[in-house]
Amino acid sequence: MPPSTSSDLTLSVNGEKYTLTVDHRTTLLDALRERLDLTGTKKGCDQGQCGACTVLVDGRRSVACLQLAVAAEGREITTIEGVAEGERLHPVQQAFLDLDGYQCGYCTPGQICSAIAVIEEHAAGWPSAATADVRPEAGPPPLTPEEIRERMSGNLCRCGAYVSIVQAVARAAEEAVA
Amino acid sequence: MTTATRGAVGTAHTRVEGRDKVTGAARYAAEIPFADLAHGWLVLSTVARGRVRAVDTDAVLGMPGVLTVLHHGNAPRVDSDFIGMLGVPPDPSAALFQHDRVAHLGWPVALVVAETSEQAREAAESLVVHYETEPHDVAFSAGRESEGYPLDGHLPAVAEKGDLADRLAASAVVVDAEYTTPEEYHNPMEPHAATARWEGGRLDVVDSNQGTSWVAGELANLFSLDPAAVRVRSEHVGGGFGSKGVRAHQVGAVMAATVLQRPVRVVMTRRQMFSLAGYRSPTAQRVRLGADADGRLRVLEHRSLNQTSTVHEFVEPSAAAGRSMYAADAHHTASRIVRLDVPTPTWMRAPGEAPGSFALESALDELAERCGVDPIELRVRNEPAVGPVSGLPFGSRNLIACFREGARRFGWAERDPRPGVRREGRWLLGTGTAAASFPAGVGPSTAAVTAEADGTFTVRINAADIGTGARTALTLVAADALEVPTDRVRVRIGDSDLGPAMIAGGSTGTRSWSWAVQAAAEELRRSLVPGADIPPEGITARSNTAEAIGALAQKERHAFGAQFAEVAVDPATGEVRVRRMLGIFAAGRIVNPLTARNQLVGGMVWGLSMALHEEAVRDRASGGVYGADLAGYHVAAHADVPHIEADWVDDPDPDDPVGIKGIGEIGIVGAAAAVANAVWHATGVRHRNLPIRPDRVLMAGGDA
Ligand code: FES
Ligand code: FES
């Protein structure tokens, strides 16, 4: 008997359970886009270089093109389709909309998922390469534009909407502490 | 001409499709589901020149899920001998599998179609293709100018006025410098993708492109179909920048859908885009400026060379940039091409102007230095009254107003002109400026505007919104022309069935479509009787702008701008950081300040990226690009981009019904020169080869 090249598994995405049979070669990104019709997560490079496929896996940001769907079983996955509360946009989404934090929109779901995690990572005290004082007791540094740019640098935007993206992330971060 | 009266035009409006974009609901070309969809995967040549001897299809056809393998031995015939809507023949790499010749590395040699993309990909990667290899030549350099020849593109190759030698001899100061720019790739974030199917006797293609009228026309020509039998849709497009016309992916999808009689999707991989999606040719340029001691130009000579493929001529008209900018007694410009075993380059954001302005505006900065004249004052002294070569009047020219406003906001008056004298810790600081210009063009379009029975209005215009905000801009234009609030207007775009319209390209899209929308909307408003009932099918007015555009008087029509940059250079590491940029533009009426500012800044980010990061290096041994992906090809990332400001001076185009000139490209023009001029100001070293990499800064030394 030839070795099996597919498996049955259950993926937990945006709080819902999906049971499906996947080819072992299927990435989490392709499973979302091609099998679950969750096409909000974008494919910009398929090799971990652009950030367009950023999703939250157990709350941490992660590029969906570099993991296999079979390895995502048991994880809680959040995609762009799952970050709003019903009709109410997530504050990061609202800030992107209001401040025009995009142009073509193709990098946008990845930028937004990344930004949501950046704000949480920062609040939890994670330093970045732009952080002057990285001692744990120094506490979270101010979330300056430099900090945001450094932390968001895994998400390319070829339209060059970086200036308004940074403004949108800063506004959403301010609202999160307010 | 009337201008809109209700004030939607000129007022910031968030994107009408914005909610769909931030929630992931907006579907791009590869995201529309189709029942019974099959997946195609392109196979590209691994040699740079030669012939395909054999394609071993048997082994691959036996692999799970594989449905067919198309190649030059079995593919449907296409006819590529035509001139399309934009006045040029198609890129031969899109006329798939018509012969066994391989014209460059990454030439498409087969398409594997399977039930799933995983199956198609594995089979494509397993397919063995045998080649007869011939020696190839991909070595572009300035030294090859003598092998090149001038080529007219969208601009004439050569323009000559006055006696060069005589005027050079009469010049008190001569700047003679050579500049190079590398291969640059558009890399829109969304890869090229198309799904094709036959539906009710018509070819139906869902695609990512810059104009569905254009792409539908090309496909009809290629497959010898009645144009009415082809429908192309492209609702949301993840960037284009010149790369998204007819390419191998649509043609492959149509061939496979025809052979298999089921829907087939073909998506380019990021790496395939470096062979199949076009690029900006490298350029080698020489600029000679001759001037009086006070900087008044007597000579402007600009020669440019670019590469093209062996199968198609494409000119990057870099030398043409100065023809509308500066007057000189002797004015000689020529753009030439040399043919190599490389993919065919194409239009990329500000073709000609982007690399051309880097050379010309850098040379002007050198001239300012040599004459001891402020760079802005130098441009004021060389401001022409009419087109320097054409003698035609300008539509409007507010370049100096841009410099004055920019200088005020940037703090230019406090600038010490001496290079290499400002230090801040490990950094040397400098500022630079450059001028920008881009033609203000327009193309014929049709539109229909319907008054619906429920009191709303539907606008149908086959526009493409590739990130420009066109959908929103057209909503504002229609609302003003109809004299209704914007929320009563719905704009439908991106479907060739809506009727012929201009593409999103050459900064002409929003201007061309707005003209048509405004004409139809005004006609509708005039025909509506206040208070009268609207029938269920609505009342529709239509427009076609071909005649009005054809009647436009010949003028020098351009947008202008002034670019400013401040950089910090670390002489110990060679690192260059851009600290701030400011661009002030005179670019016609600004329809939507929110999206316009974003687009202009985006162009400036491209200029920064061109100045410091972007470079594809072609390997002479293999003939291909090293590191053909987003790790090997650097585009500016968040951490590279400081706060950048773009703004504008009042400059409505007097001959456009809405006053628009177009803003898609002007933002990149001159931006790289402003950065390079700032690097000189910081270090005292001129960088004439892009990008200004750390190793180049280190090798050049400097005052540190
Ligand atoms: S698609 Fe995953 S990082 Fe680019
Ligand atoms: S909005 Fe187009 S790539 Fe970011």
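The model shown is predicted, which means the values in this text are computed figures rather than measured ones.

Caption draft 1: Highlighting the overall build of chain A. A count of helical and extended segments in chain A gives five helices and five strands. Mapped in sequence order, the helices and strands of chain A form the string β-β-α-β-β-β-α-α-α-α. At 17 Å, chain A has a C-alpha radius of gyration in line with the 16 Å of a compact globule built from 178 residues. Over its C-alpha atoms, taken along the principal directions, chain A stretches across nearly 60 × 35 × 30 Å. The burial tally for chain A puts 54% of its 178 residues in the buried class. Excluding contacts between residues fewer than 6 apart, the proportion of contacts in chain A whose partners are at least 24 apart in sequence is 54%. Accessible surface for chain A amounts to roughly 7500 Å². Of this, 53% is attributable to carbon and sulfur atoms. Side-chain charges of chain A comprise 15 positive and 24 negative groups, with the mean position of each set lying 4 Å from the other.

Caption draft 2: Local environment of the overall build of chain B. From N to C terminus, chain B includes 16 helices and 25 strands. Its C-alpha atoms give chain B a radius of gyration of 26 Å, within 12% of the compact-globule value 27 Å for 704 residues. Over its C-alpha atoms, taken along the principal directions, chain B stretches across nearly 75 × 70 × 50 Å. Looking at chain B as a whole, 64% of its 704 residues are labelled buried. For chain B, contacts bridging at least 24 residues in sequence account for 82% of all contacts bridging at least 6. Of the accessible surface of chain B, which amounts to about 23400 Å², a share of 50% is contributed by carbon and sulfur atoms.

Caption draft 3: The arrangement of the interface of chain B and chain A in detail. Every contact between the two is made by 60 residues of chain B and, on the other side, 53 residues of chain A. Buried surface at the junction of chain B and chain A, summed over both partners, amounts to about 4400 Å²; 53% is from carbon and sulfur atoms. Across the chain B-chain A interface, the total number found is nine salt bridges. Linking chain B to chain A there are 30 residue pairs in polar contact (both at pLDDT 80 or more). At the level of elements, helix 1 (18-23), helix 3 (117-126), helix 7 (270-276), helix 14 (593-612) and strand 25 (643-648) of chain B are the ones that each hand at least two residues to the side of chain B that touches chain A.

Caption draft 4: Representation of the nonpolar core in the model. Residue and element names in this part refer to chain B. If you look at the biggest cluster of nonpolar residues, it comprises 145 residues, and the most contacted ones within it are Leu289, Leu367, Phe564, Val567, Met581, Ile644 and Val675. Here the element with the most residues in this core is helix 14; it accounts for 10 residues. Apart from residues no more than four positions distant in its own chain, Val567 is found in contact with Leu428, Leu429, Gly430, Val576, Arg577, Val578, Arg579, Val675, Ala678, Val679 and Ala682. In this structure, Ala473, Ala481, Val491 and Val517 belong to the second largest nonpolar core, which totals 40 residues.

Caption draft 5: Region of the structure containing the domain arrangement of chain B. Residues and elements named next belong to chain B. Domain boundaries in chain B define domain 1 (18-27 + 443-550), domain 2 (32-134 + 189-239 + 244-276) and domain 3 (142-184 + 280-440 + 555-700). For domain 1 versus domain 3, the separation of C-alpha centres amounts to 35 Å. In this assembly, 13 residues from domain 1 lie in contact with 17 residues from domain 3. When domain 1 packs against domain 3, close to 1200 Å² is buried across both sides, 56% of that on carbon and sulfur atoms. The interface formed by domain 1 and domain 3 contains one salt bridge.

Caption draft 6: Looking closely at the UniProt feature "domain: Aldehyde oxidase/xanthine dehydrogenase a/b hammerhead" (unreviewed entry) in chain B. When the UniProt feature table is mapped to this numbering, "domain: Aldehyde oxidase/xanthine dehydrogenase a/b hammerhead" (unreviewed entry) covers residues 23-135 of chain B. For residues 23-135 of chain B, helix accounts for 14% and strand for 31%, while the C-alpha atoms at its two ends are 51 Å apart.

Caption draft 7: How the structure looks around helix 6 (residues 248-260) of chain B. Residue and element names in this part refer to chain B. Taking 1.5 Å of rise per residue, the 13 residues of helix 6 would be expected to cover 18 Å, and the 18 Å separating its terminal C-alpha atoms lies within 8% of that figure. For helix 6, a buried count of 10 out of 13 residues is recorded, marking the element as mostly surrounded by other parts of the structure. Backbone geometry just downstream of helix 6 places Gln261 in the positive-phi region, at approximately 55 degrees.

Caption draft 8: Here's a closer look at the pattern of salt bridges. All names here are of chain B. Evaluation of the coordinates by the stated rule reveals 77 salt bridges over all chains. Note that Arg379 is salt-bridged to Glu361, the shortest N-O span being 2.7 Å. Of this pair, Arg379 sits in helix 9 (residues 375-381) while Glu361 sits in helix 8 (residues 353-371), and the two are 18 residues apart along the sequence. You can call Glu361 buried: its relative accessible area is 2%. Among the salt bridges present, the one from Glu405 reaches Arg408, with a minimum N-O distance of 3.0 Å. Pair noted here: Glu405 and Arg408 are both in helix 10 (residues 399-410), with a separation of three residues, about one helical turn. Beyond isolated ion pairs, a larger network of salt bridges with shared partners links Glu405, Arg408, Arg409, Arg597, Glu645 and Asp647.

Caption draft 9: Region of interest: the pairing of strand 21 (residues 489-492) of chain B. Along strand 21 of chain B, the buried face is formed by Val489 and Val491 of chain B; none of Arg490 and Arg492 of chain B, which line the opposite face, is buried. In this view, the connection linking strand 20 (residues 457-461) of chain B to its parallel neighbour strand 21 of chain B by way of helix 11 (residues 470-482) of chain B has right-handed handedness.

Caption draft 10: Quick peek at the domain arrangement of chain A. All names here are of chain A. Assigned domains within chain A: domain 1 (6-82) and domain 2 (91-177). The straight-line distance from the C-alpha centre of domain 1 to that of domain 2 is 22 Å. Taken together, the 16 residues of domain 1 in the interface contact 16 residues of domain 2. Around 1200 Å² of area is buried between domain 1 and domain 2 when both sides are counted, 55% of it from carbon and sulfur atoms. Of all residues in domain 1, the largest losses of buried area upon contact with domain 2 belong to Lys42, Arg61 and Ile80, amounting jointly to 45% of the total for that side. Connecting domain 1 to domain 2 are one salt bridge. Of the charged contacts in the structure, one is a salt bridge between Arg61 and Glu121, with a shortest N-O distance of 3.0 Å. It is strand 3 (residues 54-57) that provides the largest number of residues to the side of domain 1 that touches domain 2, a total of three residues.

Caption draft 11: Structural view of the side chain of His558 of chain B. Residue and element names in this part refer to chain B. Assignment of secondary structure puts His558 in strand 23 (residues 558-570). According to the relative accessible area criterion, His558 is buried, its value standing at 9%. The residues touching His558, leaving out its near neighbours within four places in the chain, are Ser324, Phe394, Ser396, Phe438, Pro439, Ala440 and Lys661.

Caption draft 12: Broad picture of the packing of helix 5 (residues 212-222) of chain B against helix 6 of chain B. All names here are of chain B. Contact pair helix 5 / helix 6: the axes reach a minimum separation of 11 Å and the direction vectors enclose 50 degrees. When the axis of helix 5 is compared with that of helix 6, the two are oblique. Here helix 5 runs over helix 6; the crossing is right-handed. Mapping the contact onto sequence places Val215, Leu219 and Leu222 in helix 5 and Gln250, Val251 and Val254 in helix 6. Residue composition of the contact of helix 5 with helix 6, by class: five nonpolar, one polar and no charged.

Caption draft 13: Fine view of the packing of aromatic side chains. Residue and element names in this part refer to chain B. Enumeration according to the criterion identifies 14 aromatic pairs over all chains in this entry. With centroids separated by 5.9 Å and ring planes inclined at 80 degrees, the aromatic side chains of Tyr185 and Tyr633 adopt a geometry described as edge-to-face. In this pair, Tyr185 is assigned in the loop between strand 9 (173-181) and strand 10 (193-199) and Tyr633 in the loop between helix 14 and strand 25, connecting sequence segments 448 residues apart. By relative accessible area, Tyr185 is classed as buried at 2%. An aromatic cluster is present here, built from Tyr185, Phe274, Tyr279 and Tyr633 joined pairwise through their rings.

Calculation notes
Residues numbered from 1 in each chain as written. Chains lettered and ligands numbered in written order. Predicted model: local features only at pLDDT ≥ 70, side-chain atom pairs only at ≥ 80, totals over all residues. Heavy atoms only, no water. Helix = DSSP H or I, 4+ residues; strand = E, 2+ residues; numbered from the N terminus. Rg over C-alpha atoms; globule rule 2.2 N^0.38 Å. Buried < 20%, exposed > 50% of the residue type's maximum accessible area, 1.4 Å probe, protein only. Contact = heavy atoms within 4.5 Å. Areas by Shrake-Rupley, 256 points an atom, 1.4 Å probe, with all protein chains shown as cover. Lys, Arg positive; Asp, Glu negative; His and termini not counted. Charge placed at Lys NZ, Arg CZ, Asp CG, Glu CD. Buried area = accessible area lost by both parts, 1.4 Å probe. Salt bridge = Lys/Arg side-chain N within 4 Å of Asp/Glu carboxyl O. Polar contact = N/O pair within 3.5 Å; in protein donor to acceptor, adjacent residues only side chain to side chain. Core = buried A, V, L, I, M, F, W, Y, C linked by side-chain atoms within 4.5 Å. Domains from an automatic or database assignment. UniProt positions renumbered as here; feature names shortened; annotations may be inferred. Expected span 1.5 Å × (residues − 1). Right-handed = clockwise from strand over helix to strand, strands pointing away. Axes fitted to C-alpha atoms, helices over the stretch in contact; angles between N-to-C directions. Parallel < 35°, antiparallel > 145°, perpendicular 65-115°, else oblique. Left-handed = near helix turned anticlockwise from the far one by under 90°. Nonpolar A, V, L, I, M, F, W, Y, C, P; charged D, E, K, R; others polar. Phe/Tyr/Trp six-rings, centres within 6.5 Å; stacked < 30°, edge-to-face > 60°.

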